[in-house]
Amino acid sequence: MAALAEQLVGRTAELASLDHALDELQRGRSAALELVGEPGIGKTRLLAELAARAEERDQLVLTGAASELEGDLPFWVFVDALDEYVQSRPPRALDAMDEEARAELGHVLPSCGARPADGSVERFRIHRAVRELLEALATPKPLVLVLDDLHWADSGSVDLLGMLLRRPPAAAVLLALAVRPRQIPERLSGPLERAHTAGRLLRLDLAGLSASEARELLGDAGAADRVFAESGGNPFYLQQLHRFPDARNVAAALAEELALLDDHARGVLRGAAVAGDPFEPELAAAAAGVPEGDGLAALDDLLARDLVRHTDVPRRFRFRHPLVRSAVYESTPGGWRLGAHERCAEALAARGAPAAARAHHVEQAARPGDTAAIAVLREAAETVAQRTPAGAARWFGAALRLLPDAAPAEERMRLLLAQASALAAAASFADARAALEECEALVPPEAAVLRAELVGGLSLVDGLMGRHDAAQARLEAATERLDDLPAPQAVDLLWLFASGAIYRQSYGDAYAAAERAHAVAERSGAPVMLARTNAIMALAGVLDGRIAEATAHRAAAVQLLDAMTDAEVAPAVAALSQVASAEAYLDRLPEGVAHSRRSLAVARATGQVQLFPSFAPTMGWLLVLSGRPAEAAELLDGAGEAARLTGSANAMAWVLFARTIANLDRGDLDAARSDGEESVELCREFDESSIVRCFCHATYGLTLAEAGEPERGIELAAAGAGGPLMQRFAAVSRPLFLDRLVPAHLALGRRADAERVAAAAEAAAAETGLRFVAAAARRARAAVALDAGDAAAAAEHALAAAAMNDEIGALVQAGLARTLAGRALAAAGEHERAIEQLHRAASELDNCGALRYRDAAELELGRLGIRRHRRTRPGTADGSPIDTLTERELQVARLIVDRKTNAQIAAELFLSRKTVESHIRNLFHKLDVSSRVDVARAVERADRERVAP
C-alpha cells in the first residue's frame, strides 16, 4: 500500500467499524465490508487507513483496484492485488492447496504460469481455486484483501467477487471493497445486497465532511467556508477548489492544475492516461510518442507535482486519484488520443504481449475494414471466452463493427455465432437471441443445415429466457420440414423437441418425437445417433409409463455408449446423462451413477464444460438415492456456482432441487430450507407444467414438513405437484414423494388423508412394477398401519421396503425403512428384533452421513434402553503430535499421505468438502506444519517410529 497522502479527519464511526472488523479478523473470523460513496468522498483514503491499521496488527494486506478504461482485462482487480505477492512467495508456500486448484490459478494469475484457454476451462473451478489461494495466504496470519473502485471491475472479477461473497473463504480473510453507488454493475449489486441482507457484509455509506471537519482538513477556516457549499463536504473537491481558489468548479480546478505543466510533461501525462492506471513509464512514453529517457524525466515532474504516485510494485505508478486520470484522458484531443492508443498497441505487440492485452487499445484506434485489428480482437475474444464471456462478447462485437460492409456473409455469420455463444454464456440472453436472429437473416435459402442449427440455438436461448412456448413452437415448425435435412440435423431438432416436451411433462409427445428421431437414426445406421435416440426414448418411455420399452431402449443405448471411446461419445454426451436419468427410475442406481459420472468426465475432457450445471443434478440425485448425500452435496455446491454463472434460472432450480434433497438426507435442515426456498422463488416465472417447478415445490414441501411445518409443507407440495396426490408427477417418481408426505399427515392427526396418500403411492407403484417405487409405497403403507395400531402389518411392510431398497442400493431409504420397522417391532413387543433393525439402521445411516436420520434411529434405541457407542476416539493431550489427532483427523491425514485431494477425501469419508478443510486446518495446527506435504511426512515418520526396534 502506498504511503498515506492526505490528512484523515472525521470518520470516527467508520474508523471504529474498521477497527472492529480487524479485531474480529485477528480472532480468526472472516468478514467483508463495503465502502460506498460518490467520487472523491474518501473511500480510497479510508481503505489506506484500514491497510495501515491492519499492518500495525501484523496482518497481511494486499491491494488491487479496477480502472475506468481497462474494464475488459480478465480478473484484473485480483491480478493487481495478488499476482506480484504470489510471485514473491517461495514455491512451497502453496503446498496446502490441491494440485488441481494450483493449476487453475494459471487461468487468473500470470505468476502461476498462464494456462492456454481451451474448452476445459470452468469458471466456477477458477473461482474455487482463488478462494483456496486466499485461504492459503491467510496462513499463518490474517489476510486483508483491499479492492478499490469495483464499479469499474471487469466481468470476470465481478463474478469471482460474487462467489466470494456467497461462499467466503474458510480462513481469516477480510474483503474490503469500495464502490460508487450509481455505477455498480447489476451483476455485482445483487451479490453485494444479498451478502449485506444476510449479515455477511458490513456496509459503510460515506457522507461529506461537516463544516468544522472541512476547516480541519484544509487548515484554513476562511477558505474552507468559501468552498464548503460548492464542494458539498467532498474531501477531494474541497482540496481541489482550495488549491485553485479562482476556479468555479472542480473541473475548472483540474484544468488549471494541468495547465501548469509544460508541453512535454503534459504529453507524457496524457500518454499515461491512455496507457492505464496503474501504468508503466515505458508504455506511457510510447503512447506519448517520446523517447523512454524523456518520459522518465517528465515522470519526475509529475511525481513532484503529486499528479501521479509510486505504487508498491517497481516501475508502476498510479494517478493521484481516478478523477485526475479521467480528467486528463477526457481533455486529450481526440485525434492525438487515437494515435496514442495505436502507439500503445504497437508497443505491446513489439514486446510480445498477448492479444487480450492489446485488444483495448486496438479497439480504440482501429479503422473500419482493418483486417489485422479484426484478427486481434477475434483472437482476444477467443482467448478469454471461457473465463470471461462478457468481455469476449464485447470484443467480438468490436470486430463486427470493424467488418466492412463488403465482407463475405460467411465471415459476418461466424463472428455473430461466436458473439451469440459468448453472450449466452454471459447470461445476456436477449442480446444472444438478437445476434442469432441477425445471423439467421443472412443465411441463404439453400443453407438448410445452418438454418436448422440456428433454429436449435434460438430454441435453446428461448428456453434460457423462460420462453418455452416460443421454443417449442419454433421446434415444432422445424420438425415438420425435415425432408431437406441430413440425418444428424434432423435428429438434433427432434431430440430438442422431445427434450422440451419432457420439460413440459408432455411425455407422450416426447416419446413420439423420440420415435421419429430413432427411425431417422436407424436409416442412417450411425452409432452416435442411435445412442442418442435410444437414450431419449428410454427416458421419455419410463416417464410415460412404457417400462418395457424404456428398459429395452436403455439396454440398447448402454450397449452402444459403453462400446464407444470418450472421443466417440463426445457428440452424444447428453445421452449418457439421459440414460443415467432413466436408470434412476429403472432400479439401476449403480449403473446410473457410473453413466452420470462418465457424462461429467467426458464433457470436461472434450471442452463441453457448459453442460456441467445440467448434468450435475442428475448425478447428485443418483448419489442421494444411492445413500451418498454428502458426496452429492459437494458435487452440487460446485454445480450451484456454475449454474449461477450461466444466469439460467432453470439450471439453478434443478441444482437447488437436488441439493435440497442432499441436505435433507444428510441432516442439514437449515441448508435444505435455504436451498428449497430459493428454488421455489426461482420457479415463480415458470409455467405450471414445467417439470422442475413440480420437483422444486414438492421437495421444499417435504423439507418444511420434516422441519416441523407439516401443514405448510403439504400445501406447498400440493400446489406445485398438481394436488394432494401429486398427480403431475409421473408414476415412476410419484410414490417417492407421496411416501415422505405420509408422516406429515399423520403428525397433523389426518389418518384418512395419510391413507389416501398411501393408496395413491401403491397405485402408482403398481403401474410401474419397479422395486424402488414399490418400496416407497410399502413404507407409506407401513407408517399408516403403525399409526392405526396394526404393528405386525407395519413391520411386514417396512421390512419388505428395506429389503427392496437393499436390492437396488438405495441405502438411506433402506435405513429409514428399518427405523420404521424397528418402531413397529417394538410396538408389537418384539424387542430383540426391533433392536437388531434399529442398530442396523443407525449404522447404515451413519455410514451414509445421514446424521439426522441416524439420530432418529438411535432415539428409538434409547427408548428401548439401548445406548450406542459410535463416536470416534479423541486424541490424547500428551504423547507425540500424531497422538493428539482424533480418529477422523488421522483418517484424513492418511488419505493425504495417499495423495488424495480434498474432494476425493470428502467422497471417501462421506464428508462435505468444508468439513475436510476444517480437519486439515486442525491437522496443520496440531502437527505444527503448514503444508499437506509436511502432514504426509509427519504421518510417515510416526509410522516408522512405531515399528522401529
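No experiment lies behind these values; they were computed from the predicted model shown.

Overview of the overall build of the protein chain
Counting its secondary structure elements, the protein chain contains 47 helices and 7 strands. A globule of 949 residues ought to have a C-alpha radius of gyration of about 30 Å, and the protein chain, at 32 Å, matches this closely. Taken over 949 residues, the protein chain has a buried fraction of 56%. Looking at the protein chain alone, contacts between residues at least 24 apart form 66% of all its contacts between residues at least 6 apart.

Comments concerning the sheet that holds strand β4 (residues 173-179)
Reading across from one edge, β2-β3-β4-β1-β5 is the order of the 5 strands in this open sheet, with parallel pairing throughout. Every interior strand has two partners, whereas the edge strands, β2 (60-65) and β5 (202-205), have only one. Recorded for the sheet is a direction-independent mean angle of 15 degrees between the axes of neighbouring strands. Contacts from helix α1 (residues 12-26) reach β1 (31-36), β3 (143-148), β4 and β5, with the element oriented near 160 degrees to β5. Sheet strands touched by helix α5 (residues 123-137): β2, β3 and β4. Its angle to β3, the strand with the most contacts, is close to 130 degrees.

Topic: the environment of G627
Mapped onto the elements of the fold, G627 is located in the loop between α31 (612-625) and α32 (629-646). In this structure the C-alpha to C-alpha distance between G627 and N847, which are 220 residues apart in sequence, comes to 8.7 Å.

Digging into the pairing of β4
Of all 7 residues in β4, 7 are buried, a share of seventy percent or more. Both faces of β4 are covered, namely the face carrying V173, L175, L177 and V179 and the face carrying L174, A176 and A178. Pairing of β1 with β4 involves 6 bridges; the strand directions are parallel. Bridge pairing in β4 places L33 opposite A176. Here 5 bridges tie β3 to β4, and the two strands are oriented parallel to one another. Looking at β4, one finds that L147 is bridged to L177.

Remarks on the packing of helix α33 (residues 649-666) against helix α34 (residues 669-682)
At a closest axis distance of 8 Å, the pairing of α33 and α34 adopts a crossing angle of 155 degrees. The orientation of α33 with respect to α34, classified from their angle, is roughly antiparallel. Crossing geometry of α33 relative to α34 is assigned as left-handed. Of α34, the residues touching α33 (which contributes A649, M652, A653, L656, F657, R659, T660, N663 and L664) are L669, A671, A672, D675, G676, E678, S679 and L682.

A word on the confidence of the model for the protein chain
Atomic detail in the predicted coordinates should be set aside for any region of low pLDDT. Looking at the protein chain as a whole, the pLDDT averages 89, with 95% of positions reaching at least 70. Considering only residues more than four positions removed or in separate chains, one finds that residues 1-5, a stretch of pLDDT under 50, has 11 contacts. Taken together, the stretch residues 871-878 has pLDDT below 50 and engages in 17 contacts with residues farther than four places along the chain or on a different chain.

A few points about the packing of aromatic side chains
Scanning all chains against the criterion turns up 11 aromatic pairs. Their ring planes at 50 degrees and their centres at 5.5 Å tell us that W621 and F657 sit as a pair that is tilted. With a gap of 36 residues between them, W621 in helix α31 and F657 in helix α33 connect regions that are remote in the sequence. Exposure class is identical for W621 and F657. Each is buried. Between W654 and F695, the ring centres sit 5.6 Å apart and the planes meet at 50 degrees, which makes this aromatic pair tilted.

Brief notes about helix α11 (residues 250-259)
Listing the buried residues of α11 in full gives V250, A253, L254, E257 and L258. Seen end-on, α11 carries its buried residues on one side only, within an arc spanning 135 degrees. In α11, the exposed positions that point more than 90 degrees away from the buried face belong to A251 and A259. Residues of α11 that are buried make contact with α10 (235-243), α12 (263-275) and α15 (322-331).

Overview of helix α42 (residues 831-848)
Taking 1.5 Å as the rise per residue, α42 with 18 residues should run 26 Å; its terminal C-alpha atoms sit 25 Å apart, in good agreement. Those residues of α42 that sit buried are A834, Q837, L838, A841, A842, E844, L845 and C848. Considering only its buried residues, α42 is in contact with α32, α40 (791-808), α41 (811-827) and α43 (851-863). A positive phi of about 80 degrees marks G849, the residue just after α42.

Details of the environment of V443
By the secondary structure assignment, V443 is in the loop between α21 (429-442) and α22 (448-464). A residue is classified by how much of its surface remains accessible, and V443, at 5% relative accessible area, is buried. Residues V443 and L454, 11 residues apart in the sequence, show an inter-C-alpha distance of 9.5 Å. Excluding anything up to four places from it in sequence, V443 contacts M413, L450, R451 and L454.

Observations regarding unusual backbone geometry
Cis geometry marks the peptide bond from T139 to P140, where omega comes out at 10 degrees. Relative to the helices and strands, P140 resides in the loop between α5 and β3. The omega torsion across D277 and P278 is 10 degrees, close enough to zero to call that bond cis. In this fold, P278 is placed in the loop between α12 and α13 (281-288).

Concerning the side chain of R316
Counting through the fold element by element, R316 comes out in the loop between β6 (308-310) and β7 (317-319). Polar side-chain contacts of R316 include one of 2.6 Å to the side chain of D80. The contact partners of R316, leaving out residues within four places of it in the chain, are W76, D80, E84, P278, F279, E280, H310 and T311.

Describing the nonpolar core
Counting residues in each nonpolar core, the largest one holds 140 residues, and the members touching the most others are V542, L543, M726 and F737. When sequence neighbours within four positions are dropped, the list of residues in contact with M726 reads A698, A717, A721, R734, F737, L738 and L741.

As for the pattern of salt bridges
Pairing of side chains with opposite charge becomes possible as their charged atoms draw close. All chains considered together, the criterion is met by 67 salt bridges. Residue D587 pairs with R771 through a salt bridge whose shortest N-O separation is 3.6 Å. Residue D587 is located in the loop between α29 (573-585) and α30 (589-605), and its partner R771 is located in helix α39 (residues 771-787); the two are separated by 184 residues in the primary sequence. What makes D587 buried here is its relative accessible area of 10%. Residue class for R771 comes out partly exposed when judged on its relative accessible area of 33%. D637 is the partner of R659 in a salt bridge, and the nearest nitrogen-oxygen pair spans 3.5 Å. Of this pair, R659 sits in helix α33 while D637 sits in helix α32, and the two are 22 residues apart along the sequence. Just as R659 is buried, D637 falls in that class too. Each of D19, D23, R45, E49, R53 and R57 takes part in salt bridges that share partners, so that together they form one network.

Quick notes on the packing of α10 against α11
Running from N to C, α10 and α11 point in directions that differ by 55 degrees, and their axes come no closer than 9 Å. By the angle class used here, α10 and α11 are oblique. For α10 against α11, the interelement crossing comes out left-handed. Contacts between α10 and α11 involve F236, Y237, Q240, L241 and R243 on the former and, on the latter, V250, A253, L254 and E257. Residue composition of the contact of α10 with α11, grouped by class: 6 nonpolar, 1 polar and 2 charged.

Thoughts on the state of the cysteines
In total, this model carries 0 disulfides according to the counting rule given. Summary of cysteine pairing: C683 is not part of a disulfide, and the nearest cysteine sulfur, belonging to C696, is at 3.9 Å. C683 sits in the buried class, given a relative accessible area of 0%. A relative accessible area of 1% places C696 in the buried class.

Focus on the environment of D277
Here D277 shows up in the loop between α12 and α13. At 3.2 Å, the side chain of D277 and the backbone nitrogen of F319 are in polar contact.

Criteria and thresholds
Note on numbering: residues in each chain are counted from 1, in written sequence order. pLDDT decides what is reported in this predicted model: residues at 70 or higher carry local features, side-chain atom pairs at 80 or more are listed and counted, and totals for whole chains, interfaces and linings draw on all residues regardless. Only hydrogens and water are removed before side-chain values are computed, so all heavy atoms of the structure are retained for them. Numbering of helices and strands runs from the N terminus; a helix is a DSSP stretch of H or I covering at least four residues, while a strand is a stretch of E covering at least two. Our radius of gyration looks at C-alpha atoms and nothing else; its globule reference is 2.2 Å times the residue count to the power 0.38. Only protein chains enter the accessibility calculation, which uses a 1.4 Å probe; a residue is then buried when its area is under 20% of its type maximum, exposed when over 50%, and partly exposed in between. We call two residues in contact whenever any of their non-hydrogen atoms come within 4.5 Å of each other. Strand pairing is assigned whenever DSSP identifies at least 2 bridges connecting the two strands. Simply put, an axis is a line fit to the C-alpha atoms, just over the touching stretch for a helix, and the angle between two N-to-C directions goes from 0 to 180 degrees. Comment on the angle field: the value is read as roughly parallel under 35 degrees, roughly antiparallel over 145, roughly perpendicular from 65 to 115, and oblique elsewhere. Take the far helix as the reference: if the near one is turned anticlockwise from it by less than a right angle, the crossing is left-handed, and if turned clockwise, right-handed. The pLDDT score gives, residue by residue, the confidence of the prediction method on a 0 to 100 scale. Side-chain rings of Phe, Tyr and Trp, where Trp is taken by its six-membered ring, are said to pair if the distance between their centres is within 6.5 Å; with planes under 30 degrees apart they count as stacked, over 60 as edge-to-face, and otherwise as tilted. Directions from the helix axis toward the C-beta atoms define the arc. To estimate how far a helix should reach, multiply one less than its number of residues by 1.5 Å. In the analysis that follows, any N or O atom pair within 3.5 Å is treated as a polar contact, provided that within protein one partner can donate a hydrogen and the other can accept it, and provided that, for residues neighboring in sequence, both atoms belong to side chains. Side-chain atoms within 4.5 Å are what join buried Ala, Val, Leu, Ile, Met, Phe, Trp, Tyr and Cys residues into a set we call a nonpolar core. By convention in these notes, a salt bridge is any Lys or Arg side-chain nitrogen within 4 Å of a carboxyl oxygen on Asp or Glu. Each residue gets one label: Ala, Val, Leu, Ile, Met, Phe, Trp, Tyr, Cys and Pro are nonpolar, Asp, Glu, Lys and Arg are charged, and the others, such as Gly, are polar. Put simply, a disulfide is two cysteine sulfurs that come within 2.5 Å.

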